[in-house]
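Observations on the model geometry
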Amino acid sequence: MHELSIRRGVITIGVGVFAERATAFISNILLARLLLPQDFGLVTMALTVSEAVTLLGNLGIGSALIHKRDETEEYTNAAFWLGLGVGVGLGVLQALISGWAAEFYRAPLVQPILLVYALGYCITALGNVHTTLLVKELRFDPVMKVAVSSALSNALVAVGLAAAGFGVWSLVLGRLAAQCVSTLMNWWLCRWRPSGWASKRHYSGLIIYGRNMFVSDGLAYLNHNADYLILGQQLGPAVLGIYLLAYNLAMLPVTTISLIVGRASFPVFAQLQHQREELQRTFVTAMRLSALLGFPILVGMVILANELIIALVGSRWQPAVMPLRLLAIYALGRSISAHAGQLLNAVGRPDIPMKFNLVYTPIFLPGLLVSARYGAVGVAAATAAISGVATWLYLLIALRAMDWSFHLVLNATGPPFVAANIMGFGVALGHRILSLYHPAPLAVLAVLVPAGVMLYALIFWMFYPEIYHQLEPRRLMCFVWTTVKESILH
């Protein structure tokens, strides 16, 4: 029953996230052709500071609200007012430190960008609780509509302003427009309204749940943004822009698929936190879905990185090819380990990610500092090596905390891993043959991407028929079509 809930949720959210990410992907390609690498680097510098400020107010309010099963109205009111107060405070704090951030990066434009982004804290705080309630109630259709609407607004504003010559400000104002649209859509689609103040007990209940998440997410911020901080500060916005493109492409399957599966599975994990056998089956389903969808894309990305970069954004971005290959290898493990953190938060164990990051961060940061002398390639290699090992260790620790065997991971991800590598061998062979005729990069992609998809499906049909039939391709396509049609009509 709950596996079906995740599957249906994955499909419903998948349609929305696919539309959202496809819109963002296309707009980013257009923006990469209209703007310069340093424009993306400047925005990334500002966002690393903005995310650091966000962490200071990260009390795990959303996860705590999903976790709470009693006195929901009181906790919801507490979450809204607490989140709004924190949002205003964070906006003021970011405005105060914007000058220091510009000096740190030696980039004066970072300061006005941060001042504009400071408005976003208040805007998003008004709609965060509404988003959480939609997810908690497994109302995935509204979540999908919000995501697609905000992505479209971002794309339209950013591309329009970039074409008009606004440069880096097209990226900044596009993000602000998306935040406004997202909050307005959340209030329209979720009918809950704040009805009064909650008691001190409810505020403290949310804060106590989130305090371990605060430390854990703070360390996770360092781990996920240290490469941006180091490259931006030491090598400037142009090199950071190159690395950013490689990282975003490599993580696109991870962030998209994990977002789809994670949004559907986390509230189900929370509902099943006291039913361990059912929770285990649901967790395996989440991992299997992520591996089935993510592994073939990442393996193909390693092989076709050069053609992908040139065809999408042009030859001036070619230095991103090797970083993309290295980061795509790392992303294989990260695509399934992301569910371990969701599982631990759902069962009320956010202390485990915190403790893990306390050990991991002091190892990872020196590695990045040493590797930065080799530019974007060195940082990508250090990230792939250190974080790649840590990803699997984290997954193993999460399984031990639940008293589950690692065989669960092997059973869930083994077939997709084998099939993806066989597919990769076939694609690499085809790439070798095509290279003899020196075709255009777009022609190589047009031939090998569909061939890889068909080969991957054929491998499952021949060697793993039980998994192939579990996916129910025909019913899947019918459900996707129905979901799209209902979303458009309603």
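No experiment lies behind these values; they were computed from the predicted model shown.

**Remarks on the overall build of the chain**
Looking only at helices and strands, one finds 19 helices and zero strands in the chain. Per-residue burial for the chain yields a buried fraction of 55% across its 490 residues. Sequence-distant contacts in the chain: of pairs separated by 6 or more residues, those separated by 24 or more amount to 84%. Of the roughly 21800 Å² that the chain leaves accessible, carbon and sulfur atoms contribute 68%.

**Concerning the packing of helix α5 (residues 110–125) against helix α8 (residues 168–189)**
Viewed as axis vectors pointing N to C, α5 and α8 meet at an angle of 10°, and their least axial separation amounts to 9 Å. One finds that α5 runs roughly parallel with respect to α8. When α5 is examined against α8, the residues P112, I113, V116, Y117, L119, G120, I123 and T124 are found in contact with a partner set consisting of V168, W169, L171, V172, L173, R175, L176, Q179, C180 and T183. Grouping the amino acids of the contact of α5 with α8 by side-chain chemistry returns 13 nonpolar, four polar and one charged.

**A short note on the environment of G41**
Within the element layout of this structure, G41 appears in helix α2 (residues 37–56). Taking the C-alpha atoms as reference points, G41 and Y243, 202 residues apart in sequence, are found 9.0 Å from one another. Beyond its immediate sequence surroundings of up to four residues, G41 is in contact with P237, L240 and G241.

**Concerning the packing of aromatic side chains**
Under the defined criterion, the tally for this structure stands at eleven aromatic pairs. For the ring pair Y228 and Y243, a centre distance of 6.1 Å and an interplane angle of 80° mean the geometry is edge-to-face. Residue Y228 is located in helix α9 (residues 200–235), and its partner Y243 is located in helix α10 (residues 237–271); the two are separated by 15 residues in the primary sequence. With respect to class, Y228 is no different from Y243; both count as buried. A connected cluster of aromatic rings, assembled from ring pairs, spans F356, Y360, F364 and Y394.

**Thoughts on the side chain of T183**
Inspection of the secondary structure puts T183 in helix α8. T183 sits in the buried class, given a relative accessible area of 9%. Among residues more than four places away in sequence, those in contact with T183 are I123, T124, L126 and G127.

**Observations concerning a nonpolar patch on the surface**
Among the surface-exposed residues, F425, L429, I433, L436 and Y437 lie close enough to one another that they form a single nonpolar patch of about 630 Å² accessible area. Structurally, L429 can be placed in helix α16 (residues 407–435). Given a relative accessible area of 48%, L429 falls into the partly exposed group.

**Notes on the environment of G294**
Looking at where G294 falls in the secondary structure, it is placed in helix α11 (residues 276–303). You can call G294 buried: its relative accessible area is 1%. A sequence separation of 123 residues divides G294 from F417, and the C-alpha atoms of the two residues are 9.7 Å apart.

**Let's talk about the nonpolar core**
Of all hydrophobic cores here, the largest spans 108 residues; its most connected members are V110, Y243, I309 and L324. Apart from the residues within four sequence positions on either side, V110 is in contact with L42, M45, A46, A101 and A102.

**Regarding helix α17 (residues 441–463)**
With 23 residues, α17 extends 32 Å between its outermost C-alpha atoms, agreeing within 8% with the 33 Å of an ideal straight helix rising 1.5 Å per residue. Buried within α17 we find V444, L445, L448, G452, Y456, I459 and F460.

**A few points about unusual backbone geometry**
With a phi close to 55°, R106 is a non-glycine residue in the positive phi region. Relative to the elements of secondary structure, R106 occurs in the loop between α4 (72–105) and α5.

**Re the confidence of the model for the chain**
Caution applies to low-pLDDT regions: their predicted coordinates should not be interpreted in detail. Residues with a pLDDT of 70 or more make up 77% of the chain, whose mean pLDDT is 79. Taken element by element, the predicted model of the chain shows its lowest mean pLDDT in helix α19 (residues 473–489) (44) and its highest in helix α12 (residues 305–313) (91). In the model, residues 1–5 has pLDDT below 50 throughout and makes ten contacts with residues more than four positions away in sequence or in other chains. Taken as a whole, residues 475–490 scores under 50 in pLDDT and shows 15 contacts with residues more than four places along the chain or in a different chain.

**Focus on the packing of helix α14 (residues 351–371) against helix α15 (residues 375–401)**
Relative to each other, α14 and α15 sit at 165°, their axes nearing to 10 Å. The angle between α14 and α15 places the two elements in the roughly antiparallel class. Considering only the axes of α14 and α15, their crossing is right-handed. Mapping the contact onto sequence places I352, P353, F356, Y360, I363, F364, G367, L368 and S371 in α14 and G375, G378, V379, A382, T383, I386, S387, A390, L393, Y394, I397 and A401 in α15. Per-class residue counts for the contact of α14 with α15 are 15 nonpolar, six polar and no charged.

Quick notes on the rules
Residues numbered from 1 in each chain as written. Predicted model: local features only at pLDDT ≥ 70, side-chain atom pairs only at ≥ 80, totals over all residues. Heavy atoms only, no water. Helix = DSSP H or I, 4+ residues; strand = E, 2+ residues; numbered from the N terminus. Buried < 20%, exposed > 50% of the residue type's maximum accessible area, 1.4 Å probe, protein only. Contact = heavy atoms within 4.5 Å. Areas by Shrake-Rupley, 256 points an atom, 1.4 Å probe, with all protein chains shown as cover. Axes fitted to C-alpha atoms, helices over the stretch in contact; angles between N-to-C directions. Parallel < 35°, antiparallel > 145°, perpendicular 65-115°, else oblique. Nonpolar A, V, L, I, M, F, W, Y, C, P; charged D, E, K, R; others polar. Phe/Tyr/Trp six-rings, centres within 6.5 Å; stacked < 30°, edge-to-face > 60°. Patch = residues over 30% accessible without salt bridge, like charges linked within 9 Å, V, L, I, M, F, W, Y side chains within 5 Å. Salt bridge = Lys/Arg side-chain N within 4 Å of Asp/Glu carboxyl O. Core = buried A, V, L, I, M, F, W, Y, C linked by side-chain atoms within 4.5 Å. Expected span 1.5 Å × (residues − 1). pLDDT = per-residue confidence, 0-100. Left-handed = near helix turned anticlockwise from the far one by under 90°.

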